[in-house]
Every structure is written in structure tokens, then in C-alpha cells.
Amino acid sequence: MANAPTYDMKGKTCFMSGATSGINEQIARRFAEAGAKVFVVSRSIEKVEATVAMLKEAGAEDAAGQSVDARSYPDVEAAVQACAEKFGKIDMCLAGQAGNFPAGAAQMSANAFKSVVDIDLLGTFNVFRAAVHEANRPGASFIAITAPQATQPWLFQSHVCAAKAGVNMLVKCLAMEWGVSGVRVNAISPGPIDGTEGMDRLAPNEEMREKYRQALALKEFGNRDDIADAALWLTSQGADYVTGTILEVEGGTTLGDATLSMKL
Ligand code: NAP
Ligand code: COA
């Protein structure tokens, strides 16, 4: 972190879905440290309350949150209204909520498939659709969190691949529709981020972790600040001509299997 760029988010108001653990929680923390007002939502009220307390300690004294299932449009809309009433406007909106478990398509139930598609894809639509009327101004930044599975077929990830492919296309469509109002819509595609729920579910033991690591061009896992830095940049003025982009912060994951690469 010694050379990490610093950003000034003072005066910016953020609505962040799925920001109560893992990657998105760190995004919330870094925005709070940069001076933003942050409103977080996820299903677990305990996780929401713990995150709000953490954000207050990080400097966002008026941080707030609410328990919301992103699959329910009325719930999301009510939380967006609560956020707008508290802060007056929304400058940045994050849709980071996701569900994942490894399961073969022939074994998982239709409801298992639907659960992930609803959380990831419908949830992203709900969050962005509810927030856009409170963020209808030049400079507003919408960020979805997608995954390499959006463009690469992975074994036992048909539900996630389908859902995240939909997220990528949704982001591009919304960027095209909303750009006329100066609203930018982008996605960040993280690679394997160490110490997260997603990573633990897909690579639960050291043997799998090592295979995964060796297949990466950069031979190392990412960390949560790699993704937070990307979110800060996408929201900063430095990215004011960037929209409809899927920003890959993934150590070369989608380049292909680099297991046999050799040092220069
Ligand atoms: P995580 O810690 O499990 O975070 C998921 C968040 O979403 C939690 O705050 C969770 O809180 C919330 N959530 C889940 N279902 C929800 C729902 N129906 N409505 C509202 N909130 C919901 O996961 P993570 O590993 O950090 O992943 C974060 C994001 O990065 C995801 O979009 C994931 O696809 C993406 N990603 C992760 C990796 C990785 O290596 N970890 C790689 C590529 C992409 P509640 O349980 O309280 O609802
Ligand atoms: N393998 C196969 N099916 C599974 C499964 C697994 N490991 N885990 C859950 N399911 C199925 C359930 O059996 C159920 O299907 P059914 O009704 O036909 O039995 C369906 O998925 C929904 O499960 P449920 O537990 O009721 O859903 P939920 O809405 O409470 O939770 C999940 C959603 C399943 C995605 C849960 O894993 C979750 O909350 N994940 C959030 C955290 C996360 O995944 N983080 C990583 C992000 S990358």
C-alpha cells in the first residue's frame, strides 16, 4: 500500500450493495477513508451493523445501512430512498452482491441456478434501476462487480458464468442509455482475491490454491485493495471519459493457463 494512489471523495455519497464483507467491504472502507458518505446494504443486519460501525471508525461518521435482499426491488428501492433522504443525493452506486458455490449443472436444482442469477444479475439491475433517479447527474459513477466467469466458461460454474455474462452486457447497455445524462456505468472483474469468501469457496485447499496460482500470468493472488483502488479510480475525475468498460483486475486470469511460463 506504500505507493497506492490517494483519492479525495469528500462530499461524495455512495450507495453500496453487498458491501458488508470481502472485496466490497474494503471498497466501502477505502471510500470512507477518502471522505465519502457511505450507505451499505446486504441481507444480514448483523453484517450491516458491523460494517457501519467499521465505517464510522474509518472516518465516515454519518455512515448508515439497511438490511436488503437485492433480489427484491421494493426492498432495494426503499433503501435507496433512505440513503437519498439521509444524504440528499447519490454520486456513486456499487452493485457487488453475489452468490457462488461450485456445482455441476446436471446436479444443481433449477432453484439453485435461479438463486445465483437472481442475486448477481437481477440484483444488479434492481440496484442500478432504483439508484439512477437519485444519481441522475453528470459525474455519477455506477460500478458492478463481475468476474472472469463472465467471459470464460468454467467447470461447475454454469450459474455464475451465465449470471456474470449478463452483468457485463447489462453494464454496457446501461452505459449506452445513461451516458447522455453524464452517468457512467462500468464493471470491475476481479481475479482471485486472497482471504475472501469467493476464493475460499472455489479453492478450498492448498493444493487447489497452488494450481490456481501457478496458472496465473502474475503468479500471485490479488488483494482487496487492488479492487478498491480500481473502484476509486473509476469514480474519480481521472476516469471521466470511461464508460461501458469491464475493467479486469485479475492478474491475467483470462489470458489463458500460464502454468508453463518461464522467467525472463
Ligand atoms: P462475500 O464476502 O461473500 O460478499 C458478498 C456480499 O454480498 C456480502 O456482503 C453479502 O452479505 C452480500 N449478499 C449476498 N447475497 C445478497 C443478496 N441477495 N442481497 C444483498 N446482498 C447480498 O464475497 P467476495 O468473495 O468478497 O465477492 C465480492 C464480489 O466480488 C462478488 O460480486 C463476486 O462475484 C466478485 N468476485 C470475487 C472474487 C474473489 O476472488 N473473491 C473473484 C471474482 C469476482 P449478506 O450475506 O449479508 O447478504
Ligand atoms: N450446491 C448445490 N446447490 C446449492 C448449494 C450447493 N453448494 N448451495 C445452495 N444450493 C441450492 C439450495 O439447495 C437451494 O435449492 P433448492 O431450493 O432446490 O434446494 C438453492 O441453492 C438456494 O439455496 P438457499 O440456501 O435457499 O439460498 P439463499 O438465497 O439463502 O443463499 C446462496 C444463496 C445459495 C448463493 C448462498 O450460498 C449465499 O448466500 N451466498 C452468498 C455468499 C457468497 O456466495 N459469496 C461468494 C461470492 S463470490
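See the structure above.
Residues numbered from 1 in each chain as written. Chains lettered and ligands numbered in written order. Predicted model: local features only at pLDDT ≥ 70, side-chain atom pairs only at ≥ 80, totals over all residues. Heavy atoms only, no water.

1. Brief notes about the sheet that holds strand S4 (residues 92-95)
The 7 strands lie next to each other as S3-S2-S1-S4-S5-S6-S7, forming an open sheet whose pairing is parallel. Each edge of the sheet is formed by a strand with only one pairing partner; in this case those strands are strand S3 (64-67) and strand S7 (246-249). Strand after strand, the sheet turns through a mean of 15° between neighbouring axes, direction not considered. The pairing of S4 with strand S5 (residues 141-145) spans 4 bridges and is parallel. (Pairing = 2+ DSSP bridges. Helix = DSSP H or I, 4+ residues; strand = E, 2+ residues; numbered from the N terminus. Axes fitted to C-alpha atoms, helices over the stretch in contact; angles between N-to-C directions.)

2. Details of the site of ligand 1
Near ligand 1 there are 30 residues, and of these Thr20, Ser21, Ser42, Arg43 and Thr196 occur at the shortest range. Note that an oxygen atom of ligand 1 is positioned 2.9 Å from one of the backbone N or O atoms of isoleucine 193. Notes on ligand 1: free accessible area 890 Å², of which the protein chains cover 90%. Elements supplying a minimum of two residues to the shell around ligand 1: helix H1 (22-33) and helix H6 (197-202). By residue class, the composition of the shell around ligand 1 is 11 nonpolar, 13 polar and 6 charged. (Near = heavy atom within 4 Å. Polar contact = N/O pair within 3.5 Å; in protein donor to acceptor, adjacent residues only side chain to side chain. Areas by Shrake-Rupley, 256 points an atom, 1.4 Å probe, with all protein chains shown as cover. Nonpolar A, V, L, I, M, F, W, Y, C, P; charged D, E, K, R; others polar.)

3. Brief notes about the packing of H1 against helix H2 (residues 45-57)
It is the contact of H1 with H2, at a shortest axis distance of 9 Å, that shows an interaxial angle of 30°. When the axis of H1 is compared with that of H2, the two are roughly parallel. Crossing angle aside, the handedness with which H1 passes H2 is right-handed. Across from Glu25, Ala28, Arg29 and Ala32 in H1, the residues of H2 making contact are Thr51, Met54 and Leu55. Grouping the constituent residues of the contact of H1 with H2 by class yields 4 nonpolar, 1 polar and 2 charged. (Parallel < 35°, antiparallel > 145°, perpendicular 65-115°, else oblique. Left-handed = near helix turned anticlockwise from the far one by under 90°. Contact = heavy atoms within 4.5 Å.)

4. A short note on the site of ligand 2
Taken together, 15 residues sit near ligand 2, with Arg43, Asn100, Ser109, Asn111 and Arg201 positioned nearest. At 2.9 Å, a side-chain N or O of arginine 43 approaches an oxygen atom of ligand 2. A distance of 2.6 Å is found between an oxygen atom of ligand 2 and a side-chain nitrogen or oxygen belonging to serine 109. Taken by itself ligand 2 offers 930 Å² of open surface, and the protein chains cover 55% of this. At the level of elements, helix H4 (110-131) and H6 are the ones that each hand at least two residues to the shell around ligand 2. A per-element tally of the shell around ligand 2 places H4 first, with 4 residues. Classifying every residue of the shell around ligand 2 by side-chain character gives 5 nonpolar, 6 polar and 4 charged.

5. A look at the nonpolar core
Judged by nonpolar contacts, the single largest core of 33 residues is most densely connected at Met16, Ile27, Phe31, Val38, Val40 and Leu55. Those elements giving two or more residues to this core turn out to be strand S1 (13-17), H1, strand S2 (37-42), H2, S4, S5 and helix H8 (224-235). Ranked by the residues each element gives to this core, the list is headed by H8, at 6 residues. Apart from the residues within four sequence positions on either side, isoleucine 27 is in contact with Met16, Leu94, Ile145, Ile227, Ala228 and Ala231. Core analysis: the next-biggest nonpolar cluster, separate from the first, contains 32 residues, Ala131, Ala135, Ala175 and Val185 among them. (Core = buried A, V, L, I, M, F, W, Y, C linked by side-chain atoms within 4.5 Å. Buried < 20%, exposed > 50% of the residue type's maximum accessible area, 1.4 Å probe, protein only.)

6. A short note on H1
Helix length check: H1 (12 residues) gives 17 Å between terminal C-alpha atoms against 16 Å at 1.5 Å per residue, within 8%. Here H1 lies mainly inside the structure; 9 of its 12 residues are buried. By the burial criterion, the buried members of H1 are Ile23, Asn24, Glu25, Gln26, Ile27, Ala28, Arg30, Phe31 and Ala32. (Expected span 1.5 Å × (residues − 1).)

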